[in-house]
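Descriptive analysis of the structure
Residue-level listing of the chains:
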Amino acid sequence: EPEVTQTPSHQVTQMGQEVILRCVPISNHLYFYWYRQILGQKVEFLVSFYNNEISEKSEIFDDQFSVERPDGSNFTLKIRSTKLEDSAMYFCARQAPNYGYTFGSGTRLTVV
Amino acid sequence: EDKVVQSPLSLVVHEGDTVTLNCSYEVTNFRSLLWYKQEKKAPTFLFMLTSSGIEKKSGRLSSILDKKELFSILNITATQTGDSAVYLCAPRYNNNDMRFGAGTRLTVKP
């Protein structure tokens, strides 16, 4: 099964800066998801994206977050003004028809 | 409010032991339950369970779902050090969204 690629693998940013995390899933899939995992904590749902629109979002996904699929293949998560507590591992995932989700390798975001 | 509770939170065993990991859930619009293994980075898929009472097996791992009592178990027999990981269960909703439990951290000692 083809992998989901995320870039960068690690990003360090200053508090208050904007970051864009990228995910390159295989095209032709309609469902995409972003999850995050703060170090030592559980994997938390952020947002689901279906047919180029947000389908569901959690309370974590506030106005500082946005998702786009700007060119029909890349899938981005933008955090407008990062806070220290945004430091986490961010995973994108696509739906695989017979076995749930396939996760990307993750982007470790460190806000300093 | 939807809940996913995994137990135990952590478990230390020796190679060759058999372990049973538990997941109980209370969710609306339940569709299926998935188990994942997380080592260093992203969770990797183990099982998807949709029907009650049908055991799924993959090598030394097996899992079963009870939709009446709202729980699932993951069994690992003859554990190996490579089984050391966090095991996550995740109910999947009818809209395909998924929520994870906190996980069980399994440590297998040589």
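A few points on the structure. Everything numeric here is computed off the predicted structure, so don't read it as measured data. For every chain, the first residue of its written sequence is number 1, and the numbers climb from 1 along that sequence. The naming scheme follows written order: chains are lettered A onward, ligands numbered 1 onward. Local features are withheld for residues below a pLDDT of 70 in this predicted model, meaning they are given only at 70 or higher, and side-chain atom pairs are given and counted only at 80 or more; totals for whole chains, interfaces and linings count all residues. The basis for every side-chain value is the complete set of non-hydrogen atoms in the structure, without hydrogens or water.

**Some words on the interface of chain A and chain B**
Interface size, as often reported, equals the accessible area lost upon joining of the parts. Which entries qualify depends on this criterion: The contact rule is simple, with two residues in contact once any of their heavy atoms fall within 4.5 Å. Here's the idea: put two parts together, see how much 1.4 Å probe accessible area each one loses, and the total over both is what we call buried area. Here a salt bridge means any side-chain nitrogen of Lys or Arg lying within 4 Å of a carboxyl oxygen belonging to Asp or Glu. Under the DSSP-based scheme used, a helix requires at least four consecutive residues in state H or I and a strand at least two consecutive residues in state E, with every element numbered from the N terminus. By the convention adopted, Pro, Cys, Tyr, Trp, Phe, Met, Ile, Leu, Val and Ala count as nonpolar, Lys, Arg, Asp and Glu as charged, and the other residues, Gly among them, as polar.
At the interface, 19 residues of chain A touch 18 residues of chain B. For the pair chain A and chain B, the two sides together bury roughly 1600 Å², of which 55% comes from carbon and sulfur. Our count for the chain A to chain B interface comes out at zero salt bridges. Counting residues per element, the ones that place at least two in the side of chain A that touches chain B are β4 (31–37), β5 (43–50), β9 (88–95) and β10 (101–103) of chain A. Ranked by residue count, the leading element in the side of chain A that touches chain B is β4 of chain A, at four residues. In terms of residue class, the side of chain A that touches chain B is built from ten nonpolar, seven polar and two charged.

**Overview of the sheet that holds strand β4 (residues 30–38) of chain B**
All names here are of chain B. Applicable threshold: Strand pairing follows a simple DSSP-based rule, namely that at least 2 bridges must link the two strands. To get an axis, a line is fitted to the C-alpha atoms, and for a helix only the part in contact is used. The angle between two axes follows their N-to-C directions and goes from 0 to 180 degrees.
Within the open sheet, the five strands sit side by side as β2-β10-β9-β4-β5. Their pairing is mixed. Lying at the two open borders of the sheet, with one neighbouring strand each, are β2 (10–14) and β5 (44–49). The average angle at which neighbouring strand axes cross in this sheet is 25°, direction not considered. Of the pairings in the sheet, the one linking β4 to strand β9 (residues 85–93) comprises eight bridges and is antiparallel in character.

**Examining the sheet that holds strand β8 (residues 71–76) of chain B**
Where strands meet in a sheet, backbone hydrogen bonds hold them as pairs that are either parallel or antiparallel. Residues and elements named next belong to chain B. Taken in spatial order, the five strands of this open sheet run β1-β3-β8-β7-β6, and their pairing is antiparallel. Bordering the open sheet on either side are β1 (3–7) and β6 (56–58), each of which pairs with just one other strand. Direction aside, neighbouring strands of the sheet carry axes that sit 15° apart on average. One ladder, built from six bridges, connects strand β3 (residues 19–26) with β8; its direction is antiparallel. When the sheet's bridge partners are listed, C23 is paired in β8 with S72.

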